[in-house]
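Next come the chains, spelled out residue by residue.
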Amino acid sequence: MHSREPEALVPAAVDTLPINFAILDDEGTILHTNRAWREFGDANDIELSADAIGTNYLEVTAQAETETARAVAAGLSEILAGERDLFEFEYPCHSPDEHRWFLMRAAPFTDGGQRYVAVAHFDITERYEYQRRLEASNERLEQFAYAVSHDLQEPLRMVTSYLGLLERRYADELDENADEFIAYAVDGAERMKAMIDGLLEYSRIETQGDSFDMVDLDAVLEDVLMDLDRRIEDTDAEITSEPLPTVAGDASQLRQLFQNLLDNAIEYRGEQPPRVRISATRDGDEWIVSVSDEGIGIEPEDADRVFEVFQRLHSQEEHPGTGIGLALCERIVERHGVRANSVRPGSTDERNESVGGEIWIDSGPNGGTTFSFTLPATDEPAD
C-alpha cells in the first residue's frame, strides 16, 4: 500500500518530463519549476537563479529587446488579465552549435479560489525540421511537375499538329481505316495533354493556392451553377441546396471543389436525369458539407480508390475523363483543415497544429452517392 497521497507525487512526476514547465501566480511570479526548466536555464547561461522561483516571468520577457520576448510578454499579459484562455507561440532558440525551435503554451487554472498560470516550453525541433523538409519536397515536386509537363507538352503538340497536317494534306488518299486511326491518335494525344494539365494542377494545390479568407459558399455555388448551366440544361439536371455557410478558405479552390463534385454527379447519373442536393451541418469548429446524388453509386471497396490519381472505375467509352478530378477534390479539402499558425478571421485564437480536412463517400445499396467534406468555420460554434 502506498504511503503518500497521489497529489504529493506530482512534483516528482513533473520533474521526469522532457518539457520546460513552470507555474506562475496571477501577477506572473514564478512559483514552481521542474528539472528541465532549471537545467535549460543552466545550460543556456540565463541570467536568473537556477530555479528562477520568485522571479517575475512577465517582467523578464517584457524587458527583453527581441521580437520573440515581446510576443511572449504580450500573450502572457493577456492570459494574466483573463483576456484569453490559451496562448501558443513558436519561436527559435539558437546557439552557436545548433538551431532549435520551441513551442510555448500558457494556460490559466484555479485552485482554492486562487488563479495561476501553467507555462510549458516544448522542444519541436524535429517537427519543425520535418515541416521544412516537407515544404522543400513540395517545392521540388512542383518544379518537377512543371518541368515534366512543359517538356511533354511540346512533343504532344507536335504529334497533334502533324496528325492534323497528315489528315488535311492526304485526305483524298486515305481510306476510312486511316481516318479512324488518325482520330484515335489525336484523341489519345488530347487526353494525355488533359492528364498532364491535371497532374500539374494537382501538384500546385498547396504551393500556388491563394491565402485563406472568408468565403460565402452560396456565392461559390451560384458561380459554379452558372458555369455548368449548359450541362445542367442538356441533362435535365435538378440541383437543390440548403443555405450554405461562410467558411475560411481559398475561394478559387472551393469553386473547383464544388464544380468537380457536381460535374461528377451529373456524369454518373445513370438512366434518370440527375438529382443532386447540397447541405451543410455544423460540427464544432468545422462545417460538414455534403453533395448527394441519385446516380449509379460507388461500391464500398472502391470508396478510397476513387481519390487516387488517375484511378478510374469505368472505361473511357463509358465515362470520359482524366481520373484526377476526385484526387484534386481530396487535395483541396486536405489543404482546408485547421491551419498551422493561422488566425481564424475575426478571432485572435492562434492555431499551432495542422490538421488536414477530410472527404469521404457514403453510397446507398440501391445507388446514389454522398460526398461529404469538412471546411473550417469562421466563428466559434454557438453554445
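These figures come from a predicted structure and were not determined experimentally.

Parameters and conventions
- Residues numbered from 1 in each chain as written.
- Predicted model: local features only at pLDDT ≥ 70, side-chain atom pairs only at ≥ 80, totals over all residues.
- Heavy atoms only, no water.
- Buried < 20%, exposed > 50% of the residue type's maximum accessible area, 1.4 Å probe, protein only.
- Helix = DSSP H or I, 4+ residues; strand = E, 2+ residues; numbered from the N terminus.
- Phe/Tyr/Trp six-rings, centres within 6.5 Å; stacked < 30°, edge-to-face > 60°.
- Lys NZ or Arg CZ within 6 Å of the ring centre and 35° of its normal.
- Pairing = 2+ DSSP bridges.
- Axes fitted to C-alpha atoms, helices over the stretch in contact; angles between N-to-C directions.
- Contact = heavy atoms within 4.5 Å.
- Core = buried A, V, L, I, M, F, W, Y, C linked by side-chain atoms within 4.5 Å.
- Left-handed = near helix turned anticlockwise from the far one by under 90°.
- Nonpolar A, V, L, I, M, F, W, Y, C, P; charged D, E, K, R; others polar.
- Polar contact = N/O pair within 3.5 Å; in protein donor to acceptor, adjacent residues only side chain to side chain.

Points about helix α10 (residues 325–335)
Okay, so step 1: Most of α10 is tucked away, with eight of its eleven residues classed as buried.
Okay, so step 2: Every buried residue of α10 is accounted for by Leu-326, Ala-327, Leu-328, Cys-329, Arg-331, Ile-332, Val-333 and Arg-335.

Focus: the packing of aromatic side chains
Okay, so step 1: Inspection of every chain in the model, using the stated rule, returns seven aromatic pairs.
Okay, so step 2: Measuring from centroid to centroid gives 6.3 Å for Phe-89 and Tyr-91, while their planes differ by 10 degrees, and the two rings are stacked.
Okay, so step 3: Residue Phe-89 is classed as buried on the basis of its relative accessible area, which comes to 18%.
Okay, so step 4: Judged by relative accessible area, which is 11%, Tyr-91 ranks as buried.
Okay, so step 5: Each member of the aromatic cluster is reached from another via a ring pair, and the members are Phe-87, Phe-89, Tyr-91 and Phe-102.
Okay, so step 6: The ring centre of Phe-122 lies 5.6 Å from the NZ or CZ of Arg-105, which sits over that ring.

Describing the pairing of strand β5 (residues 114–123)
Regular strands place side chains that alternate from one sheet face to the opposite one.
Okay, so step 1: In the sheet, strand β1 (residues 20–25) pairs with β5 via six bridges, with the strands oriented antiparallel. Among the inter-strand pairings, Asn-20 is bridged to a residue of β5, identified as His-121.
Okay, so step 2: Both strand β4 (residues 101–111) and β5 contribute to a ladder of ten bridges, which runs antiparallel. Following the sheet pairing, Ala-106 is matched in β5 by Val-119.
Okay, so step 3: The antiparallel hairpin formed by β4 and β5 contains two residues in its connecting segment, where Gly-112 sits at a positive phi of about 60 degrees.

What about the sheet that holds strand β9 (residues 275–283)?
Okay, so step 1: Taken in spatial order, the five strands line up as β7-β9-β10-β14-β13 in an open sheet, and their pairing is mixed. Of all strands in the sheet, those bounded by a partner on one side alone are β7 (238–241) and β13 (359–363). On average, each strand axis in the sheet is tilted by 20 degrees relative to the strand beside it, whichever way the strands run.
Okay, so step 2: Here β7 pairs with β9 via four bridges, running parallel. Looking across to β9, one finds that Ile-239 is bridged to Val-276.
Okay, so step 3: Packed on one face of the sheet, helix α9 (residues 251–267) meets β7, β9, β10 (286–293) and β14 (369–376) and runs near 175 degrees to β14.

Re the nonpolar core
Okay, so step 1: The biggest cluster of nonpolar side chains holds 41 residues, and the ones touching the most others in it are Leu-217, Phe-258, Leu-262, Ile-278 and Phe-373.
Okay, so step 2: Of all the secondary-structure elements, those providing two or more residues to this core are α7 (217–227), α9, β9, β10, α10, β13 and β14.
Okay, so step 3: Here the element with the most residues in this core is α9; it accounts for seven residues.
Okay, so step 4: With residues near it in sequence (within four places) discarded, Leu-217 still touches Leu-244, Pro-245, Val-247, Leu-254, Phe-258, Val-289 and Leu-375.
Okay, so step 5: Formed by 20 residues, the second largest nonpolar core is a distinct cluster that contains Leu-58, Tyr-91, Met-104 and Val-119.

A short note on the environment of Gly-337
Okay, so step 1: Mapped onto the fold, Gly-337 is located in the loop between α10 and β11 (342–343).
Okay, so step 2: Taking the relative accessible area as the measure of exposure, Gly-337 reaches 3% and is therefore buried.
Okay, so step 3: The sequence separation of Gly-337 and Leu-375 amounts to 38 residues, and the corresponding C-alpha distance is 6.6 Å.

Details of the packing of α9 against α10
Okay, so step 1: Where α9 meets α10, the axes come as close as 9 Å, and the angle between the chain directions of the two elements is 145 degrees. For α9 against α10, the interelement crossing comes out left-handed. For the pair α9 and α10, contact is made by Gln-253, Gln-256, Leu-257, Asn-260, Leu-261 and Asn-264 and by Gly-325, Leu-326, Leu-328, Cys-329, Ile-332, Val-333 and Arg-335, respectively.
Okay, so step 2: Counted by class, the contact of α9 with α10 contains seven nonpolar, five polar and one charged residues.

Topic: the side chain of His-121
Okay, so step 1: Within the element layout of this structure, His-121 appears in strand β5.
Okay, so step 2: Residue His-121 is classed as buried on the basis of its relative accessible area, which comes to 7%.
Okay, so step 3: Of note is the side chain of His-121, whose polar atom sits 3.0 Å from the side chain of Tyr-57.
Okay, so step 4: A distance of 2.7 Å separates a polar atom in the side chain of His-121 from a polar atom in the side chain of Tyr-91.

Focus on the side chain of Thr-370
Okay, so step 1: Inspection of the secondary structure assignment puts Thr-370 in strand β14.
Okay, so step 2: For Thr-370, a relative accessible area of 19% puts it in the buried group.
Okay, so step 3: Within the local environment of Thr-370, its side chain forms a polar contact with the side chain of Ser-292, the two groups lying 2.9 Å apart.
Okay, so step 4: Excluding residues that lie within four positions of it along the chain, Thr-370 makes contacts with Ser-290, Val-291, Ser-292, Trp-360, Ile-361 and Asp-362.

Structural measurements only, silent on function.
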